[in-house]
Amino acid sequence: MTDERHQARRVRHPLKMRRLEVARVAHVTPHMVRVTLRGDDLAGFVSAAPDDHVKLFFPTPAGTMNLPVFSENGPVYADGEHSPSRDYTPRRYDAAAGELDIDFVIHGDGPASSWAETASVGDVLHVGGPRGSMVVADDFDHYVMVGDATALPAIGRWLEHMPADRNVTVLIEVSSAEERQALARDVTWFVAGASPRMDEALAALPIPQGDTFWWVATESKRARALRSLLVEQRGVDKEWVKATGYWQAD
Ligand SMILES: Cc1cc2nc3c(=O)[nH]c(=O)nc-3n(C[C@H](O)[C@H](O)[C@H](O)COP(=O)(O)OP(=O)(O)OC[C@H]3O[C@@H](n4cnc5c(N)ncnc54)[C@H](O)[C@@H]3O)c2cc1C
């Protein structure tokens, strides 16, 4: 039974395309690049939930940009190949400083990862959204967060803003020990392919006392499997699980 105390809140934002410039580039870890964006277009940027996403637009393989115009009927493009877009988390927005940080996992090929790997000060990035936010209630007794490196920006932001008296269990899998990063709360880290495995740890995790919200973000098939593990095998209320595929393995 869903308890009315724990209702998520949906917030809509005016959809806007912003043309921003890279102000700084820093390596958080060897394979996580933090790009700080600035620009007059940032005025009015709103991100109400730590797991919000913006759409980032990249050049086509021919090196051209063909950006959508947002209309009531959805995005409208000029003829020709569209600029590829990818979803990313607003890791930090500082309205006073006029800065937006995006943390990119450098995983190999792909318009987003390749762009971030070579990003330098002055480069332009087009950012659409966020279109809306689903704000998870902050009145659960316990939060369990599970993810891979792509989930780190959302988890990192969430932990920074969560009231200190909330109980949190965090399981994060990274590709190597060097990819662990400092976060606001204690985290149990896992290294992909090594023992112990994150999915087994989640399967064995004692169900916390009290009402618990479960948040999962990993590769898509894995996110579905983890959701099913929680809801079907462990009997967690499906209303209290948000499991999202953040990327798709080939
Ligand atoms: C709501 C949401 C928020 C997200 N926030 C972030 C974020 O803040 N930071 C972040 O880094 N990612 C984030 N992601 C994930 C990101 O959108 C995907 O990883 C995306 O596919 C990367 O695009 P690309 O152009 O680099 O690669 P693509 O062109 O999409 O894929 C190219 C190849 O790389 C593989 N691939 C893609 N991503 C990964 C990966 N992470 N690890 C290993 N192989 C991969 C694909 O299977 C494919 O073979 C988020 C996704 C969602 C849905």
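Chemist: How do you make sense of the packing of aromatic side chains when you look at a structure like this?
Modeler: The geometry of an aromatic ring pair is captured by two quantities: the separation of the ring centres and the angle between the planes. Under the definition given, this model contains 12 aromatic pairs. Residues Trp158 and Trp215 carry aromatic rings whose centres are separated by 6.0 Å and whose planes lie at 90° to one another, so their mutual orientation is edge-to-face. On the criterion of sequence distance, the pair formed by Trp158 in helix H2 (residues 152-161) and Trp215 in strand S15 (residues 212-219) is long-range, its members being 57 residues apart. Residue Trp158 is classed as buried on the basis of its relative accessible area of 10%. For Trp215, a relative accessible area of 1% corresponds to the buried category. One aromatic cluster is present, built from ring pairs that chain together Phe140, Tyr143, Trp158, Phe213, Trp215, Trp240 and Tyr246.

Chemist: Can you walk me through unusual backbone geometry in this structure?
Modeler: Peptide bonds are mostly trans, and most non-glycine residues show a negative phi. Here the bond from Gly129 into Pro130 is cis, since omega is 0°, no more than 30 degrees from zero. Note on placement: Pro130 falls in the loop between strand S10 (124-128) and strand S11 (132-135).

Chemist: Looking at this structure, I do not really get the pattern of salt bridges. What am I missing?
Modeler: Side chains that carry opposite charge are capable of pairing whenever their charged atoms lie near each other. Under the defined criterion, the tally for this structure stands at 16 salt bridges. The closest approach of N and O atoms between Arg38 and Glu99, which form a salt bridge, is 3.1 Å. Residue Arg38 is found in strand S3 (residues 32-38), and its partner Glu99 is found in strand S9 (residues 99-105); the two are separated by 61 residues along the sequence. What makes Glu99 buried here is its relative accessible area of 8%. Between Arg91 and Glu160 there is a salt bridge, with the nearest N and O atoms lying 2.8 Å from each other. Taken as a pair, Arg91 in the loop between strand S7 (85-88) and strand S8 (92-94) and Glu160 in helix H2 lie far apart in primary sequence, 69 residues in all. In this structure, a network of salt bridges that share partners links the residues Arg24, Arg38, Arg92, Asp94, Glu99 and Asp101.

The rules behind each value
Residue numbers here run from 1 along each chain, matching the order of that chain's written sequence. Confidence filtering applies because this is a predicted model: local features only for residues at pLDDT of at least 70, side-chain atom pairs given and counted only at 80 or more, and all residues used for totals across whole chains, interfaces and linings. Think of the side-chain values as coming from all heavy atoms in the structure, minus any hydrogens and water. Pairing of aromatic rings covers Phe, Tyr and Trp, the last counted by its six-membered ring, and requires centre-to-centre distances within 6.5 Å; plane angles under 30 degrees mean stacked, over 60 mean edge-to-face, and any other angle means tilted. Every helix listed is a DSSP run of H or I at least four residues long, and every strand listed is a run of E at least two residues long, numbered separately from the N terminus. Only protein chains enter the calculation, and the probe is 1.4 Å; a residue is then buried if its accessible area is under 20% of its type maximum, exposed if over 50%, and partly exposed in between. Within this document, salt bridges are pairs made up of a side-chain nitrogen of Lys or Arg and a carboxyl oxygen of Asp or Glu, the two lying within 4 Å of each other.

Honestly, that's just the spatial picture; any functional story needs more than this.
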